[in-house]
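Structural description and commentary
Here is what each chain is made of, one letter per residue.
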Amino acid sequence: MAQDRLDLPLNFEFWLNKAVAWGQTTTLESQQDVCLHLPQLQKFLQQIYETLKHMDFSMAIDRFPLIGQLLGRLCWNPFVIGYDENQKILMWCLCCLYCSEPQNSIEVEANIWIRSLLCHLLSSSKLGLNEVGSVIQALGYTSPDYYPELLKNMVLSLVTELRVNHLNGFSIQKIIPERQIKAISLLCVPLLTLPDILPLLEALLTYHGGEPKEILSSEFLEGVNEAFLQKKIVLSESAVFSLWLRHLPSLEKATLHLFEKLTSRYINIPEELEGVIKDSLLLKFPLKSYFPYASPSLVMILLQDPEDLPRGLWCQHLNHISKTLKNIVEDQSTQSCGSPFEQWFLFIHFGEWADIAAEELLMWRAESPEALLWLLAFYYNPHDQNQEWIQTMVDVRAVHGHIMKLFDRTPLSVKDLQAVAGESSEDGTRQPSTQRFIRHLLLNFLLFSSEGHTIAQEFIITQTDEIIDEFLNLIARAKSRWERLGMETPRTGKLARDLLQELQCYRTKHVL
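As a starting point, this report considers the structure included with it. Computed from a prediction, not measured in an experiment: that's the story for all the values here.

On to the environment of Ser-100, then. With respect to the helices and strands, Ser-100 occurs in the loop between α7 (86-97) and α8 (105-122). Separated by 83 residues in sequence, Ser-100 and Ala-183 have C-alpha atoms that sit 7.8 Å apart. Dropping the residues within four chain positions of it, Ser-100 is found in contact with Arg-179 and Lys-182.

Right, let's get into the pattern of salt bridges. Evaluation of the coordinates by the stated rule reveals 17 salt bridges. Of the charged contacts in the structure, one is a salt bridge between Arg-409 and Asp-416, with a shortest N-O distance of 3.1 Å. For Arg-409, a relative accessible area of 36% gives the class partly exposed. Given a relative accessible area of 17%, Asp-416 falls into the buried group. The partner of Glu-470 in a salt bridge is Arg-439, and the shortest N-O contact between them spans 3.1 Å. Here Arg-439 lies in helix α25 (residues 432-448) and Glu-470 lies in helix α27 (residues 465-485), a separation of 31 residues in the sequence. Through salt bridges with shared partners, a single ionic network connects Asp-305, Glu-307, Glu-352 and Arg-484.

What follows is about α25. With 17 residues, α25 should reach 24 Å at 1.5 Å per residue; the first-to-last C-alpha distance of 25 Å fits that figure. The element α25 is largely enclosed, with a buried count of 15 among its 17 residues.

Grouped together as the largest cluster of nonpolar side chains are 157 residues, with contacts concentrated most on Phe-220, Trp-244 and Phe-347. It is α27 that provides the largest number of residues to this core, a total of 10 residues. If near-sequence neighbours (up to four positions away) are discounted, Trp-244 is found in contact with Asn-225, Phe-228, Ser-250, Leu-251, Ala-254, Ser-280, Leu-281, Leu-282 and Phe-285.

Quick look at the environment of Lys-18 now. By the secondary structure assignment, Lys-18 is in helix α2 (residues 8-24). A C-alpha to C-alpha distance of 9.4 Å links Lys-18 and His-37, two positions 19 residues apart in sequence. Leaving out residues up to four positions away in the same chain, Lys-18 has contacts with Asp-33 and His-37.

For the structure on display, the rule yields 15 aromatic pairs. Ring geometry for Phe-228 and Trp-244: centres 6.1 Å apart, planes at 70°, overall edge-to-face. Highlighted residues: Phe-228 in helix α13 (residues 218-229) and Trp-244 in helix α14 (residues 237-246), separated in sequence by 16 residues. Each of the two residues, Phe-228 as well as Trp-244, counts as buried. Where Phe-459 meets Phe-471, the ring centres are 6.2 Å apart and the plane angle is 70°; that geometry is what we call edge-to-face. With Phe-459 in helix α26 (residues 450-460) and Phe-471 in helix α27, this residue pair connects regions lying 12 residues apart in the sequence.

Parameters at a glance
- Residues numbered from 1 in each chain as written.
- Predicted model: local features only at pLDDT ≥ 70, side-chain atom pairs only at ≥ 80, totals over all residues.
- Heavy atoms only, no water.
- Helix = DSSP H or I, 4+ residues; strand = E, 2+ residues; numbered from the N terminus.
- Contact = heavy atoms within 4.5 Å.
- Salt bridge = Lys/Arg side-chain N within 4 Å of Asp/Glu carboxyl O.
- Buried < 20%, exposed > 50% of the residue type's maximum accessible area, 1.4 Å probe, protein only.
- Expected span 1.5 Å × (residues − 1).
- Core = buried A, V, L, I, M, F, W, Y, C linked by side-chain atoms within 4.5 Å.
- Phe/Tyr/Trp six-rings, centres within 6.5 Å; stacked < 30°, edge-to-face > 60°.

This is the structure in structure tokens:
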């Protein structure tokens, strides 16, 4: 092998002359000459690769000034790339020349050229050349099925290379160079949705080299994530988890994508929401992955299922949640637990407790409503204790007191509720988050009060389409929770079902 490497410059000139000659004629004699030399050419290419993998771009060009001409001509010869593992070896050679961090215009242009060649080698649509006709037929293939089969074999070969770190039986003592893996990931970007490429995508996503930093290109990771979210490709769970754990921007985008779907006006039924969440794969992550700095004491009390607690203790448990959460948010010394937004994100993960708090506030079981009001205010507006927050608390205290007085009002009119739900208070315009909080309380009043039953639909249909959708979502959540916890009463359950049916019909007709 050492002697072979010493003879490389002489061999290089021989094979370059051959590549030029093969590219200039398409006679049967020329094709026969190609086939005659293919075994020796593969051996030479393998020697080239063994040499290049220890060099950077500048060293390679100094040693082989015409390496680009040789590889370029060979990559476009269908007989060469169709023989055994030549296609894969050519790809590895090109990857060795790729500059992960180009330092000048020459290296930038070289990268562009290399990417185009790599894409050509992988793209079946670009491999449909006519020169191979008679030889392909002799092998028992037709042109349409030969190149897809070649692509599958090449991908399988690359996957094997990634998994066992060897090339055609020659053991590689060190991990595959980072620039080669990065180049392979880059060349996959325009080909992500080709079904035959999928095994290579999964192998790359689950491949981890010896480098502490990310070895796959960000373009590749972002492209795979986008294709997966748009359902253009189907990946295994292990590949998806590897993608999101190694590339946090992809995890963030997947989370935002889920939020956008969950807040869609066309998805309001809890069963549909649950299906969307399960389909996203995001709840299958351990809780610690999402909330690495969460307070263990807060997590423990939030994990408590309402179904496992007597109903008479729910308010006490909610007070405990409120006190613990408030201490964490207000105590500036607990930075290890994360920002207020992180605490809010953890709390809404257990949003069922917020819905229960909104009901408990109107069921006369809250000895002191202040703790539950604070909890719901934080749920709807997770800001620090600023002037906006102070005004929110002033508004919700006043509204809560007003609503509790409405329980004794007979008869009750829509105008009474509209006065409570107004966008303004005595101190000015209410924040949108405060308005949503108030509507949550008002809906519970309509569901649990005897007078509210009579005007519930009349009041709701006076609202905007967006607010009607908001009410539909709240009603569906309440109905689903009552059924799960076995706490639905005949009158309230019937009202919730009727409202869902009537409001959905109203919205459908209104949209049409």
